[in-house]
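Residue strings, one per chain:
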There are 2 protein chains.
Amino acid sequence: MEIERKYLVDKVPESLDDYSHVEIEQCYLCTSPTVRVRRMGDVYILTIKEKVAKGKEGEAIHNREEEFLLTAESYERLKSKSEGSAVLKTRYRIPLECGLTAELDLFHGAHEGLRLVEVEFPDTESSESFIPPVWFGKEVSDDRRYRNSWLAFNG
Amino acid sequence: MEIERKYLVDKVPESLDDYSHVEIEQCYLCTSPTVRVRRMGDVYILTIKEKVAKGKEGEAIHNREEEFLLTAESYERLKSKSEGSAVLKTRYRIPLECGLTAELDLFHGAHEGLRLVEVEFPDTESSESFIPPVWFGKEVSDDRRYRNSWLAFNG
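Nothing here was measured: the structure is a model prediction, and the numbers come from that model. (Residues numbered from 1 in each chain as written. Chains lettered and ligands numbered in written order. Predicted model: local features only at pLDDT ≥ 70, side-chain atom pairs only at ≥ 80, totals over all residues. Heavy atoms only, no water.)

1. Remarks on the overall build of chain A
Consideration 1: Looking only at helices and strands, chain A features three helices and nine strands.
Consideration 2: Ordered by position from N to C terminus, the α and β elements of chain A give β-β-β-β-β-α-β-β-β-α-β-α.
Consideration 3: Relative to the globule expectation of 15 Å for 155 residues, the C-alpha radius of gyration of chain A, 16 Å, shows essentially globular dimensions.
Consideration 4: When its C-alpha atoms are laid out on the principal axes, chain A stretches across 45 × 40 × 25 Å.
Consideration 5: The buried share among the 155 residues of chain A stands at 45%.
Consideration 6: Of the contacts made within chain A by residues no fewer than 6 positions apart, 56% connect residues no fewer than 24 positions apart.
Consideration 7: Placing the 22 positive and 30 negative side-chain charges of chain A at their respective mean positions leaves the two points 5 Å apart. (Helix = DSSP H or I, 4+ residues; strand = E, 2+ residues; numbered from the N terminus. Rg over C-alpha atoms; globule rule 2.2 N^0.38 Å. Buried < 20%, exposed > 50% of the residue type's maximum accessible area, 1.4 Å probe, protein only. Contact = heavy atoms within 4.5 Å. Lys, Arg positive; Asp, Glu negative; His and termini not counted. Charge placed at Lys NZ, Arg CZ, Asp CG, Glu CD.)

Spelled out as structure tokens, the structure:
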């Protein structure tokens with residue numbers, strides 16, 4: 001189960017190119033469950049994300065996420081079956097003072113100018129006690145308009 | 001990891017309809033990894049099968065298989081992106097004297113007349129010591145021409 005929080009970006013950190021970064025292209029074949037193919041540099045990945053309701057009625061829903069390596073050929077084949085438009089972004093990995101890592105996404109193409117930053121937490125406690133750095137903007141964790149799958153279909 | 005053996009069928013057991021059975025339709029979007037959508041009665045499933053090489057060089061390759069529930073709508077959407085032809089079959093679950101269950105597939109459509117039977121084992125020992133019932137035919141576990149994904153592309 002992934003515990004993540006997502007924010008807009010007020011001010012991009014300086015000297016961005018000093019941080020490790022990778023070009024990402026991702027496309028969607030289905031959104032329920034999410035069937036996504038992603039190219040990160042020269043690595044190709046198929047990801048399936050499924051909402052799983054566990055236990056008794058009313059219990060929290062969590063997400064199951066499984067990844068599979070693709071060859072470049074399989075990636076291109078599955079990409080050709082995708083819907084919406086490809087989401088293009090550069091992802092920077094920026095270490096935070098708290099010891100966690102921020103993933104800053106600068107979008108290109110249809111969403112040029114959009115900037116989102118995400119932090120993944122090891123547990124609920126660290127997620128709830130997280131104090132965002134000053135360069136983070138408004139939190140949009142629950143705003144579906146900032147989901148990448150939404151962006152793919154609203155380019 | 002699945003441990004299975006697959007056989008042709010010399011003689012179909014009598015009174016087949018007394019055994020529980022289900023109509024199966026399955027289609028393939030990709031074969032490396034295998035991306036399969038399957039309808040079993042009114043249940044729709046997305047399955048990804050990946051060959052995983054574990055540990056040091058020369059160690060056995062095993063298969064990773066993950067399943068995800070689909071809605072009927074997602075099934076139809078993904079099916080429309082499939083390649084080759086749909087594989088159609090009726091699957092009968094037949095209890096064996098050894099306590100295991102044989103899955104007998106009678107194919108329809110492009111492969112009408114083909115009959116395959118498969119047994120899944122809890123461990124390697126029971127797989128290796130398995131004595132097939134007399135109605136089982138030649139073993140085809142390692143014959144890729146009897147893989148369902150091969151059948152989909154050779155209808």
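After that view, the rundown keeps rolling.
2. Some words on the interface of chain A and chain B
Interface extent is often summarised as the accessible area lost during association of the parts.
Consideration 1: Across the boundary between the two partners, chain A contributes 20 residues, which contact 20 residues of chain B.
Consideration 2: For the pair chain A and chain B, the summed buried area comes to about 1,800 Å², and 56% of that belongs to carbon and sulfur atoms.
Consideration 3: Sorting the residues of chain A by area buried against chain B places A:Arg64, A:Phe68 and A:Lys81 first, and these three jointly supply 29% of that buried surface.
Consideration 4: There are six salt bridges connecting chain A and chain B.
Consideration 5: Among the salt bridges present, the one from B:Glu83 reaches A:Arg77, with a minimum N-O distance of 3.2 Å.
Consideration 6: Across the contact surface, chain A and chain B share 13 residue pairs in polar contact (both at pLDDT 80 or more).
Consideration 7: Among the elements of the structure, β2 (21-31), β4 (43-53), β5 (61-70) and α1 (72-79) of chain A are those that each provide at least two residues to the side of chain A that touches chain B.
Consideration 8: Broken down by element, the residue count for the side of chain A that touches chain B peaks at six residues, all from β5(A).
Consideration 9: Residue composition of the side of chain A that touches chain B, grouped by class: 10 nonpolar, three polar and seven charged. (Buried area = accessible area lost by both parts, 1.4 Å probe. Salt bridge = Lys/Arg side-chain N within 4 Å of Asp/Glu carboxyl O. Polar contact = N/O pair within 3.5 Å; in protein donor to acceptor, adjacent residues only side chain to side chain. Nonpolar A, V, L, I, M, F, W, Y, C, P; charged D, E, K, R; others polar.)

3. What about a negative patch on the surface?
Residues and elements named next belong to chain A.
Consideration 1: Where like charges cluster on the molecular surface, the negative patch consists of Glu 2, Glu 4, Glu 67 and Glu 120.
Consideration 2: Positionally, Glu 4 belongs in strand β1 (residues 3-9).
Consideration 3: A relative accessible area of 32% means that Glu 4 is categorised as partly exposed. (Patch = residues over 30% accessible without salt bridge, like charges linked within 9 Å, V, L, I, M, F, W, Y side chains within 5 Å. Areas by Shrake-Rupley, 256 points an atom, 1.4 Å probe, with all protein chains shown as cover.)

4. Digging into the relation of the copies chain A and chain B
Consideration 1: Superposition of chain A onto chain B requires a rotation of 180° combined with a translation of 0.0 Å along the rotation axis, giving an RMSD of 0.0 Å. These values place the two chain copies in the arrangement generated by a two-fold rotation axis. Across chain A, the smallest distance between a C-alpha and the rotation axis is recorded for A:Lys81, namely 3.1 Å. (Least-squares fit on C-alpha atoms with pLDDT ≥ 70 in both.)

5. So, the packing of aromatic side chains
Consideration 1: Counted by the stated rule, this structure contains 12 aromatic pairs over all chains.
Consideration 2: Seen from their ring centres, A:Trp135 and A:Phe136 are 4.7 Å apart, and the 75° between their planes marks the pair as edge-to-face. Accessibility assignment for this pair places A:Trp135 and A:Phe136 in one class, buried.
Consideration 3: Ring plane angle 55° and centroid distance 5.0 Å describe the contact between B:Tyr7 and B:Phe136, whose orientation is recorded as tilted. You can see B:Tyr7 sitting in strand β1 (residues 3-9) and its partner B:Phe136 sitting in strand β9 (residues 136-139), a full 129 residues away along the chain. Neither B:Tyr7 nor B:Phe136 differs from the other in exposure class; each is buried. (Phe/Tyr/Trp six-rings, centres within 6.5 Å; stacked < 30°, edge-to-face > 60°.)

6. Thoughts on α1(A)
Consideration 1: Considered for burial, the residues of α1(A) that qualify are A:Ser74, A:Tyr75 and A:Leu78. The arc that holds every buried residue of α1(A), seen down its axis, measures 105°, which confines them to one face. (Arc of directions from axis to C-beta.)

7. Looking at the pattern of salt bridges
Consideration 1: In the structure shown here, the tally under the stated rule is 30 salt bridges over all chains.
Consideration 2: A:Glu118 is the partner of A:Lys6 in a salt bridge, and the nearest nitrogen-oxygen pair spans 3.9 Å. Taken together, the positions of A:Lys6 in strand β1 and A:Glu118 in strand β8 (residues 115-121) put the pair 112 residues apart, joining distant regions of the chain.
Consideration 3: A relative accessible area of 12% places A:Lys6 in the buried class.
Consideration 4: Judged by its relative accessible area of 17%, A:Glu118 is buried.
Consideration 5: When the shortest N-O distance is used, the salt bridge between A:Glu66 and B:Arg64 registers 2.9 Å. Taken together, the residues A:Glu66 in strand β5 and B:Arg64 in strand β5 (residues 61-70) connect one chain to another.

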